[in-house]
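# Report on the structure
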Number of protein chains: 4
Amino acid sequence: MPDKKRFIAVIGGSECSPQEAELAEEVGHELARQDVILVCGGLGGIMEAACKGASSQGGVTIGILPGGNGKAANSYVQIPIVTNLGEARNVVVVKSAQAVIAIGGGYGTLSEIGHALRNGIPVIGLNTWSLSRKGQLDSSIIPAQSPTEAVSKAIKLITE
Amino acid sequence: MPDKKRFIAVIGGSECSPQEAELAEEVGHELARQDVILVCGGLGGIMEAACKGASSQGGVTIGILPGGNGKAANSYVQIPIVTNLGEARNVVVVKSAQAVIAIGGGYGTLSEIGHALRNGIPVIGLNTWSLSRKGQLDSSIIPAQSPTEAVSKAIKLITE
Amino acid sequence: MPDKKRFIAVIGGSECSPQEAELAEEVGHELARQDVILVCGGLGGIMEAACKGASSQGGVTIGILPGGNGKAANSYVQIPIVTNLGEARNVVVVKSAQAVIAIGGGYGTLSEIGHALRNGIPVIGLNTWSLSRKGQLDSSIIPAQSPTEAVSKAIKLITE
Amino acid sequence: MPDKKRFIAVIGGSECSPQEAELAEEVGHELARQDVILVCGGLGGIMEAACKGASSQGGVTIGILPGGNGKAANSYVQIPIVTNLGEARNVVVVKSAQAVIAIGGGYGTLSEIGHALRNGIPVIGLNTWSLSRKGQLDSSIIPAQSPTEAVSKAIKLITE
């Protein structure tokens, strides 16, 4: 186990485009290189790609599953947490991390972004949602142009 | 109890402007007039104003509380559900409704919008978030210009 | 809605013997007669029988469902709360009540008894679990010999 | 990380006697020696003693916390899962394990035993609850006389 315990969540859809999967895999790869433990929802798509990337570098991967069976975890999850809580597990994913990297994503990802921002957990976005409230842009999601930049920004925010 | 069981959630911040509170109270008022049961998070701000409006018309109000003590419910909640689940209760609020009306709102409300849309539960917005994804406007939140329009649109979507 | 808001949970298996169903129905009947709102897990067996008894007297019934679809509620549930939390909803059932009446029951009921006692919520037992810890009888579950006695004891404990 | 992923939960009170702490520490020690990952509720008492024992042998320890702050974890938890779900996290503790070892314990532990047995997850007991239902002894909790026997029985049940 890494000595300094840093946990970063990667969130995104259980289905995604090949381009998004590539981004996620590079994010996972870079997190592991930086000795950061990867937290995710444990399923396919973005989650699987990120876990694959982390595993390829010997990183630790945690999958917080919505269902009641650990076997639903993607094959790169080392620590499956079996919640059977459905989408309420989204809260657990973001709260177990010190920063969140959102890649693409659907409405489940949007709920996770909301939970993270509500808890003061920074969110870095790669090609994901952007938000306006009452006609004004909300710039809480910190944009990144590349996986390396996303990881670098996330780690910097944790360390500060 | 109303015969036809229709449940609509009103979501929004536990702190809000007087203008938003007025909108929420009118929404609650109108829901009760239409024999719709009001579901909310049970606390202050938008939630309290909506419950107050519903109560003034003899409506039924359900408050799904994040904490462990029913006494935290605003005084217009008739049915307090005590979850002690923290923000994971947001999922329960939206899933217990057939449509959601979002008024103003912060990041907790954003998470509820995400959970609702993820579950195919329609969201009507009054001066709330607007969303873009990957540079494209997402028009899933149905805008309303007034409390009456919001309730009317929500009921229409349930009935269809 | 009753003026004095008293909530009592009835817990027990989703499958039960005809004798247990009769006990549950009488408990529901008596709760409604005493203007107590019935909380339960919303499914069949003991839960359905208790809701049936309460409904026959015009009582209010709340069903806190483990699944994601309100249609799973038994037909006597007036207020379905849709959690999709699986068994974690057991905590919500007991915490939303001021006292709990356990009838028969399996391991799910046992978990609810544990959650109730952990929270200082009194548990009245009708033909249910009895507990020993480290070789010594634990008498926290208050025995009752009849539905009427169970309801009477539960209401007395709330009022005190 | 161990190659064969076996997860066993150790459950028991956040306060315990020195004798119980010793039992828990030996259980943790033995789990780590057998390359089993330890799951627990992450707090003090039995949980801390078990994590301490596992850590002393280089074992991996997961703490599934009820609160919203990872800093509440005992200092031997390597993987803190931050749920903010209160006691609903008890379900996550047992479902994330393939077997459960209960040591001493109060009503929270009783709820976990109920959740485990409800899910068909075997429970080994060291000086813990014993159960009767409707006047008949329920022998679902498998007794063990020592930490080594508890771990050995738990592993055997997983492997079968």
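Residues numbered from 1 in each chain as written. Chains lettered and ligands numbered in written order. Predicted model: local features only at pLDDT ≥ 70, side-chain atom pairs only at ≥ 80, totals over all residues. Heavy atoms only, no water.

Let's shift gears to the interface of chain A and chain B. Where the parts come together, the accessible area they lose is often given as the size of the interface. Counting residues at the interface gives 27 residues for chain A, matched by 27 residues for chain B. Looking at the side of chain A facing chain B, the largest losses of area belong to Glu 87, Tyr 107 and Lys 134 of chain A, adding up to 27% of the total buried there. Run the count over chain A and chain B and you get 2 salt bridges. The partner of Lys 134 of chain B in a salt bridge is Glu 20 of chain A, and the shortest N-O contact between them spans 2.9 Å. Here chain A and chain B share 17 residue pairs in polar contact (both at pLDDT 80 or more) between them. Ranked by residues supplied to the side of chain A that touches chain B, first place goes to helix H4 (residues 107-118) of chain A with 8 residues. (Contact = heavy atoms within 4.5 Å. Buried area = accessible area lost by both parts, 1.4 Å probe. Salt bridge = Lys/Arg side-chain N within 4 Å of Asp/Glu carboxyl O. Polar contact = N/O pair within 3.5 Å; in protein donor to acceptor, adjacent residues only side chain to side chain. Helix = DSSP H or I, 4+ residues; strand = E, 2+ residues; numbered from the N terminus.)

This paragraph deals with the side chain of Thr 128 of chain C. With respect to the secondary-structure elements, Thr 128 of chain C resides in the loop between strand S6 (123-126) and strand S7 (129-133). Given the relative accessible area of 9%, Thr 128 of chain C is considered buried. Apart from residues lying up to four places away in sequence, Thr 128 of chain C is in contact with Ala 102, Gly 104, Ile 113 and Ile 141 of chain C together with Ser 132, Arg 133 and Lys 134 of chain D. (Buried < 20%, exposed > 50% of the residue type's maximum accessible area, 1.4 Å probe, protein only.)

Our next topic: the nonpolar core. Ranked by internal contacts, the top residues of the largest apolar core, which has 116 residues, are Ile 62 of chain A, Ile 62 of chain B, Ile 62 of chain C together with Ile 62 of chain D. Ignoring any residue separated from it by four or fewer positions in sequence, one finds Ile 62 of chain A in contact with Phe 7, Ile 37, Leu 38, Val 39, Cys 40, Val 77, Ile 79 and Ile 81 of chain A together with Ile 79 and Ile 81 of chain D. (Core = buried A, V, L, I, M, F, W, Y, C linked by side-chain atoms within 4.5 Å.)

It is worth spelling out the relation of the copies chain C and chain D at this point. Its rotation angle being 180 degrees, the transformation that places chain C on chain D also includes 0.0 Å of axial translation and leaves an RMSD of 0.0 Å. On the angle and the small slide along the axis, the relation comes out as a two-fold axis. Taking the C-alpha atom as reference, chain C places Ser 111 of chain C closest to the rotation axis, 1.9 Å from it. Comparing interface residues between copies, 100% of those in chain C also sit at the interface in chain D, which points to an isologous, same-surface contact. (Least-squares fit on C-alpha atoms with pLDDT ≥ 70 in both.)

When chain A is fitted to chain B, the residual RMSD is 0.0 Å, and the transformation amounts to a turn of 180 degrees plus an axial shift of 0.0 Å. The fraction of interface residues of chain A whose copies in chain B are also interface residues reaches 100%, indicating that both copies meet through the same surface.

Hydrogen bonds between backbone atoms are what pair the strands of a sheet, whose relative direction is either parallel or antiparallel. The strand order across the open sheet formed by 4 strands is S8(C)-S7(C)-S7(D)-S8(D), and the pairing between neighbours is antiparallel. A strand with exactly one partner marks an edge of an open sheet, and here the two such strands are strand S8 (136-138) of chain C together with strand S8 (136-138) of chain D. Within the sheet, the average angular offset between the axes of one strand and its neighbour, ignoring direction, is 35 degrees. Bridge count between strand S7 (residues 129-133) of chain D and S8 of chain D: 3 bridges; the pairing is antiparallel. Residue Ser 132 of chain D lies in a different strand from S8 of chain D, and its bridge partner there is Leu 137 of chain D. Most of the contacts of helix H4 (residues 107-118) of chain C go to S7 of chain C, to which it runs at about 60 degrees, and overall it touches S7 of chain C together with S7 and S8 of chain D. (Pairing = 2+ DSSP bridges. Axes fitted to C-alpha atoms, helices over the stretch in contact; angles between N-to-C directions.)

Looking now at the pairing of strand S7 (residues 129-133) of chain A. One ladder, built from 5 bridges, connects S7 of chain A with strand S7 (residues 129-133) of chain B; its direction is antiparallel. From the neighbouring strand, Ser 130 of chain A faces S7 of chain B, where its bridge partner is Ser 132 of chain B. Hairpin geometry of S7 of chain A and strand S8 (residues 136-138) of chain A is characterised by an intervening segment of 2 residues between the two adjacent antiparallel strands and by a positive phi of about 50 degrees at Lys 134 of chain A.

Turning to its location among the elements, Glu 87 of chain A is positioned in the loop between strand S4 (79-82) and helix H3 (89-95). Buried within the structure, Glu 87 of chain A lacks any salt-bridge partner; its nearest side chain of opposite charge belongs to Arg 118 of chain B, at an N-O separation of 4.7 Å. Within the local environment of Glu 87 of chain A, its side chain forms a polar contact with the side chain of Asn 119 of chain B, the two groups lying 3.1 Å apart. Once you skip the residues sitting within four places of it in the chain, Glu 87 of chain A turns out to touch Val 91, His 115, Arg 118 and Asn 119 of chain B together with Asn 84 of chain C. (Lys, Arg positive; Asp, Glu negative; His and termini not counted.)

In an α-helix, one full turn covers 3.6 residues, which means residues spaced three or four apart are oriented alike. If you check helix H1 (residues 18-33) of chain D, its first and last C-alpha atoms are 22 Å apart, about what 16 residues at 1.5 Å a residue would give, namely 22 Å. Tucked into the core, H1 of chain D has its buried residues touching strand S1 (7-11), strand S2 (37-40), helix H2 (46-55), strand S5 (99-103), strand S6 (123-126) and helix H5 (147-159) of chain D. (Expected span 1.5 Å × (residues − 1).)

The partner chain D presents 27 residues to the 27 residues of chain C that form the contact. The junction of chain C with chain D conceals about 2,400 Å² of combined surface from both sides, 56% of it contributed by carbon and sulfur atoms. Of all residues in chain C, Glu 87, Tyr 107 and Lys 134 of chain C give up the largest surface area on contact with chain D, accounting jointly for 27% of the area buried on that side. Where chain C meets chain D, there are 2 salt bridges.

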